[in-house]
Amino acid sequence: MKHSDTNPLHQALYRILRPLARLMLRNGIPFGEFAELAKRAYVEAALEDFGDDRKKTTDSRAAVMTGLTRKEVKRQREILAGEHSGKSTAVHANRASRVVSGWVHDTAFQNHKGEPAILAFDGPLSFSELVKRYSGDMPPRAVLDELLRVGVVSVDRSSGELVLKQRAYIPLGDSEEMLQIFGEDVSDLVATIDYNLVSGEAGHQPLFQRTLTYNRIPPEIMARWRRHAAEQSQQLLEQLDRWLGPHDRDISGKKDDGSNAKPVRTGVSIFYFEDPMTTTPARSAGEGE
């Protein structure tokens, strides 16, 4: 296992898998289930990402690339075909998140200052109409209950009207919505890193990827730092949202321009981390990576 200990990619993968293993064990996912999912991911990547413009990757080539048998590749391919059949190829955000985004950006639901308006539950330009516009057939009461649960919306005690408290929907705990966000965020980060690793060879500009890290921060300032980091990060995301949100076709109402160009999924993720140091590092530095 000496090779695994010194291979930089193996070391990076182990660091990724260690917290992932903790999350899986906490949610009762045994190794066999993870291994099955890993096989499926290998097969899908081999079939979809390593073909050329003329033809797709064959089962035989996928077997060579992945180290799986052709029989196993065929089995996983058929499972993938079943999972993808009947599903829309469009990427849809969580419905509660779409409602909040519509409340923030749709001028019909803003006040004279351009801020999210206080809404009645029913009636013209109400919360119910907002849900109908941005969440399809979801019952408005169910959406409201969820937004109240996570503290995104509050009810004015005197009027009974609804007030938007936060400009983003963030679910709590290991809920289905939180796990969906987990999958999207980690997938996006790994895809960005993978793109940047090969962008130079392909002659492409790398995507923006930065991390601020210090190793010797005294514990007594951590509470203040958490608050400051959260406030500044939220402000930055809201600034970016104000710029990008109005360009989204669901928000702007703009139709397809008739070209064959497909719409793009894009965004910026910010996450906070802290970890007690168990060993003294060689140096202490603030690094932009």
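From a predicted model like this one, the values you see are computed outputs, not experimental measurements. (Residues numbered from 1 in each chain as written. Predicted model: local features only at pLDDT ≥ 70, side-chain atom pairs only at ≥ 80, totals over all residues. Heavy atoms only, no water.)

The next point concerns the nonpolar core. Core analysis: the largest hydrophobic core is formed by 22 residues, its most contacted members being Val99, Trp103, Phe127, Leu130, Leu147, Val152 and Val153. Among the elements that take part in this core, helix α6 (residues 95-105) stands out by supplying five residues, more than any other. (Core = buried A, V, L, I, M, F, W, Y, C linked by side-chain atoms within 4.5 Å. Buried < 20%, exposed > 50% of the residue type's maximum accessible area, 1.4 Å probe, protein only. Helix = DSSP H or I, 4+ residues; strand = E, 2+ residues; numbered from the N terminus.)

With respect to the element layout, serine 126 can be found in the loop between α6 and α7 (127-135). Judged by its relative accessible area of 1%, serine 126 is buried. At 3.4 Å, the side chain of serine 126 and the backbone oxygen of phenylalanine 121 are in polar contact. Beyond its immediate sequence surroundings of up to four residues, serine 126 is in contact with Phe109, Leu119, Ala120 and Phe121. (Polar contact = N/O pair within 3.5 Å; in protein donor to acceptor, adjacent residues only side chain to side chain. Contact = heavy atoms within 4.5 Å.)

Next up on the list: the pattern of salt bridges. A complete count under the given rule lists 15 salt bridges for this structure. Between aspartate 59 and arginine 77 there is a salt bridge whose closest N-O contact spans 2.8 Å. With aspartate 59 in helix α4 (residues 59-66) and arginine 77 in helix α5 (residues 70-84), the pair connects residues that are 18 residues apart, well separated along the chain. The exposure class of arginine 77 is partly exposed, given its relative accessible area of 32%. A salt bridge links aspartate 188 to arginine 265, with the nearest nitrogen and oxygen atoms 3.0 Å apart. With aspartate 188 in helix α9 (residues 176-202) and arginine 265 in the loop between α11 (249-252) and β4 (287-288), the pair connects residues that are 77 residues apart, well separated along the chain. Residue classification places aspartate 188 among the partly exposed residues on the basis of a relative accessible area of 27%. In this structure arginine 265 comes out as partly exposed when scored by relative accessible area, which is 48%. What you see here is one network of salt bridges that share partners, running through Glu36, Lys39, Arg40, Glu72 and Arg75. (Salt bridge = Lys/Arg side-chain N within 4 Å of Asp/Glu carboxyl O.)

Following the sequence through the fold, phenylalanine 50 ends up in the loop between α3 (31-49) and α4. Judged by its relative accessible area of 46%, phenylalanine 50 is partly exposed. Those residues in contact with phenylalanine 50 that lie beyond four places of it in its chain are Ala45, Thr57, Arg61 and Met65.

A few words now on the environment of threonine 107. With respect to the element layout, threonine 107 can be found in the loop between α6 and α7. Exposure remark for threonine 107: the relative accessible area of 61% places this residue in the exposed category. Separated by ten residues in sequence, threonine 107 and alanine 117 have C-alpha atoms that sit 9.3 Å apart.

With 19 residues, helix α2 (residues 8-26) should cover 27 Å at 1.5 Å per step; its first-to-last C-alpha distance of 28 Å lies within 8% of that length. Just past α2, the residue glycine 28 takes up positive phi, approximately 70 degrees. (Expected span 1.5 Å × (residues − 1).)

A word on α7. Residues of α7 that are buried: Phe127, Ser128, Leu130, Val131, Tyr134 and Ser135. The buried side chains of α7 occupy one side of the element, clustering within an arc of 155 degrees when seen end-on. Buried residues along α7 sit against α6, α8 (140-149), β2 (162-164) and α11. A positive backbone phi angle near 60 degrees is found at glycine 136, which sits one or two residues after α7. (Arc of directions from axis to C-beta.)

The next subject is the packing of α6 against α7. Direction vectors running N to C along α6 and α7 enclose 115 degrees, while the axes themselves pass 9 Å from each other. Remark: the crossing between α6 and α7 carries right-handed chirality. Residues Arg95, Arg98, Val99, Gly102 and Trp103 of α6 form the contact with α7, whose participating residues are Phe127, Leu130, Val131, Tyr134 and Ser135. Per-class residue counts for the contact of α6 with α7 are six nonpolar, two polar and two charged. (Axes fitted to C-alpha atoms, helices over the stretch in contact; angles between N-to-C directions. Left-handed = near helix turned anticlockwise from the far one by under 90°. Nonpolar A, V, L, I, M, F, W, Y, C, P; charged D, E, K, R; others polar.)

The subject of this paragraph is the confidence of the model for the chain. Reading predicted coordinates in detail is not appropriate for stretches of low pLDDT. The pLDDT averaged across the chain works out to 85; a share of 86% of its residues lies at or above 70. Segment residues 86-93 is flagged for pLDDT under 50; beyond a separation of four residues in sequence, or across chains, it makes four contacts in the model. In this model residues 281-289 is a low-confidence stretch, pLDDT under 50, and it forms 16 contacts with partners more than four residues away in sequence or in other chains. (pLDDT = per-residue confidence, 0-100.)

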